[in-house]
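The chain contents come next:
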Amino acid sequence: MATVDVDLPHVKDEDPHHHGPAKGLGRWLYTTNHKDIGSMYLIFSLCMFMIGGTMALIIRAELFQPGLQLVEPNFFNQMTTMHGLIMVFGAVMPAFVGLANWMIPMQVGAPDMALPRMNNWSFWILPFAFLILLSSLFMPGGAPNFGWTFYAPLSTTYAPESVTFFIFGVHIMGASSIMGAINIIATILNMRAPGMTLLKMPLFVWTWLITAFLLIAVMPVLAGVVTMMLMDIHFGTSFFNAAGGGDPVLFQHVFWFFGHPEVYIMILPAFGIISEIIPTFARKRLFGYASMVYAVASIALLSFVVWAHHMFTVGMPLVGEVFFMFATMLIAVPTGVKVFNWVATMFRGSLSFETPMLFALAFVVLFTIGGFSGLMLAIAPADFQYHDTYFVVAHFHYVLVPGAIFSIMAATYYWLPKWTGHQLNETMGKLHFWLSFVGVNITFFPMHFVGLAGMPRRIPDYALQFADFNSMASVGAFIFGFSQLVFIYNVIQNVRVGEKATA
Amino acid sequence: MAVQNEKQTKRLAVRLATAALVMFGFGFALVPLYDVFCDITGLNGKNFNQGPAQIVAVDDSRTVKVQFITVNPADMPWSFEPTERSIRVFLGEDRQTAFYAKNPTANWMVAQAVPSVTPSEAAPYLHKVNCFCFERQPLEAGADTEMPLLFVVDPELPEYISTITLSYALYDLTGEQKVTQVKPSKDKGRVSL
């Protein structure tokens, strides 16, 4: 924890109820200050990002050449599973909650979050959830190896013993997310400054309000599905076991009923961040504020009726395929509204290209690429070809890495001077951006090609004809992975020393 | 502001927590909803019409091919085969066929077959008048048997369906049989333990 011994003057200034924060570790354990908790969330997320990233590099190192070189296939499967779980639940979601903790009270004019004690609680259970999850790596039989989507019966009948630890880990992180979401909604609805009507709120606040409702709607369903797994494994029920009258396809329906809104949970706050940054660096007001709000709301509503596009190949009837295909394509409309609004905001603006803006621009371009490949996957007949190939991997990494992750980077560069009072090192920021931008594209763009050519995902070995693109992707992954060290160095430097911020 | 606001916040937090609890329940409610949905629509090949069918006329202008497939889960040692792999039937015609099962182990065992129909759209039109899958099948060590299936294909079967595949998976229920009483199942075509 890089910031432990750093003196944060604002904590003393703004909290009249205490005589300064407690000393030592107690300060962080008992804190109810939204900024402290926000920082802890962000630091935790960064740690998880590095752990999940290391796992990604193990995957890419193994895939650098065809054949089995470095790891056992079973360990490879554990890596893909843990990489997915840690990045989704450990890196992206806590980072957005951390940003919400820092920014939402300030943006709505509240002194702190509405439920500060619960805020402390919702953060502090999170490290334990991931300790439980990560400890499974050292257990006999190994960590979960059934993919981050943990389809039954792979995750029930054929799962390693450690699956129970995975289930409790998911329960705890779900509880943490739900508490965080309740807190955010309560803060936004009850603690706005007088005169700030809902349609005057900054967009980051709006997107988080909607995201929080999504969290409350679907995280309990995730808790439900892992509870059903737990009962199938230990208590002899047969939710997903055909021998007992259950149905494994039911698992996929319940999982993706959670899973699809979940992917919007990971991208809506990113939309909010980008909608804050682009107007600043275009020196214009955001184009179409109201339409942005309505677009986010309609994306959130639509997210509940598209889940089966993840499972076109389970043998759905034609009517189902057609419905989920068109419902999915409908989401492109509000998403398109947002992209066009960002472009219109920049149109004839006096643009400048500081680090946050570079990340925001990369977000708009690369997220749109990810959106388009998503549209290709939405076409049910074509999806039979793309299903479970690297094309899917390319698609969701394009929306999550240069989408969610770049927006978090952009937000950090944009707001860090506000948090620490120190100006960021712009040269290092730009170096980090360009290395990341190039690295991400070298990593994920070739995956489109190998995917379309038929390379399946989640395999440690592959046919010879995919070798060139895979070694390219591995090189890109190492560039992207190690360029994050520049980011960490830059942030630590900024927190410790650094020029005083001007405005 | 403070007191008023705190009350409001508390009330809102309680409501939101209740909403989360309701959604947890909804996750479980999806299980019966899923079955109801499959029952109504016949998706998933789950809708099995049992008992005598109300079909009067045989449509001798149209036939459909019915294929039989058997599947043994990994831990099931029985041999289990259809006596006929594929038959052609007239719509509305009563037709009988049989499946052969043998218990090669040295122990008495009980099994039950779970059926599935492909394409799932055909499931509502396949009436089983009598099927071995309605009940459990015990077999002594080394014994074998032929298990009957009597079915009718509804003449209402959509034009575009020319082949129906009926698949049976045979599950070992010996362990269950020892510990639990056999409950007559009210579920259509589903085995409940």
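Located above this text is the structure these notes cover.
Everything quoted here is computed from the prediction, not taken from an experiment. (Residues numbered from 1 in each chain as written. Chains lettered and ligands numbered in written order. Predicted model: local features only at pLDDT ≥ 70, side-chain atom pairs only at ≥ 80, totals over all residues.)

Considering the overall build of chain A
Helix and strand content of chain A: 16 helices and zero strands. Relative to its length of 503 residues, chain A is compact, with a C-alpha radius of gyration of 22 Å against a globular reference of 23 Å. With the C-alpha coordinates of chain A rotated into their principal frame, the extents come out at 65 × 50 × 45 Å. Buried residues in chain A amount to 52% of all 503 residues. Residue pairs in contact within chain A that sit at least 24 positions apart in sequence constitute 82% of those at least 6 positions apart. (Helix = DSSP H or I, 4+ residues; strand = E, 2+ residues; numbered from the N terminus. Rg over C-alpha atoms; globule rule 2.2 N^0.38 Å. Buried ≥ 20, exposed ≤ 12 C-beta atoms within 10 Å, placed from the backbone. Contact = placed C-beta atoms within 7 Å.)

What to know about the environment of Asp112 of chain A
All names here are of chain A. Within the secondary structure layout, Asp112 lies in the loop between α4 (73–108) and α5 (116–135). On the basis of neighbour count, Asp112 is assigned to the partly exposed category, with 19 C-beta atoms found within 10 Å. With 80 residues separating them in the primary sequence, Asp112 and Thr32 have C-alpha atoms 8.6 Å apart. With residues up to four places along the chain from it excluded, the contact list for Asp112 reads Asn33, His34 and Pro105.

So, the packing of helix α3 (residues 34–62) of chain A against α4 of chain A
Residue and element names in this part refer to chain A. The interhelical angle for the contact between α3 and α4, taken along N-to-C directions, is 155°, at an axis separation of 7 Å. Relative to α4, the element α3 is oriented roughly antiparallel. Considering only the axes of α3 and α4, their crossing is left-handed. By residue class, the composition of the contact of α3 with α4 is 22 nonpolar, nine polar and two charged. (Axes fitted to C-alpha atoms, helices over the stretch in contact; angles between N-to-C directions. Parallel < 35°, antiparallel > 145°, perpendicular 65-115°, else oblique. Left-handed = near helix turned anticlockwise from the far one by under 90°. Nonpolar A, V, L, I, M, F, W, Y, C, P; charged D, E, K, R; others polar.)

So, the interface of chain B and chain A
Think of interface size as the accessible area that goes away when the parts come together; that is how it is often given. At the junction of the two partners, chain B supplies 29 residues and chain A supplies 29 residues. Put simply, the parts of the chain that give the side of chain B that touches chain A at least two residues each are α1 (2–41) and β10 (163–172) of chain B. Each residue belonging to the side of chain B that touches chain A can be placed in one class, and the counts come to 20 nonpolar, seven polar and two charged.

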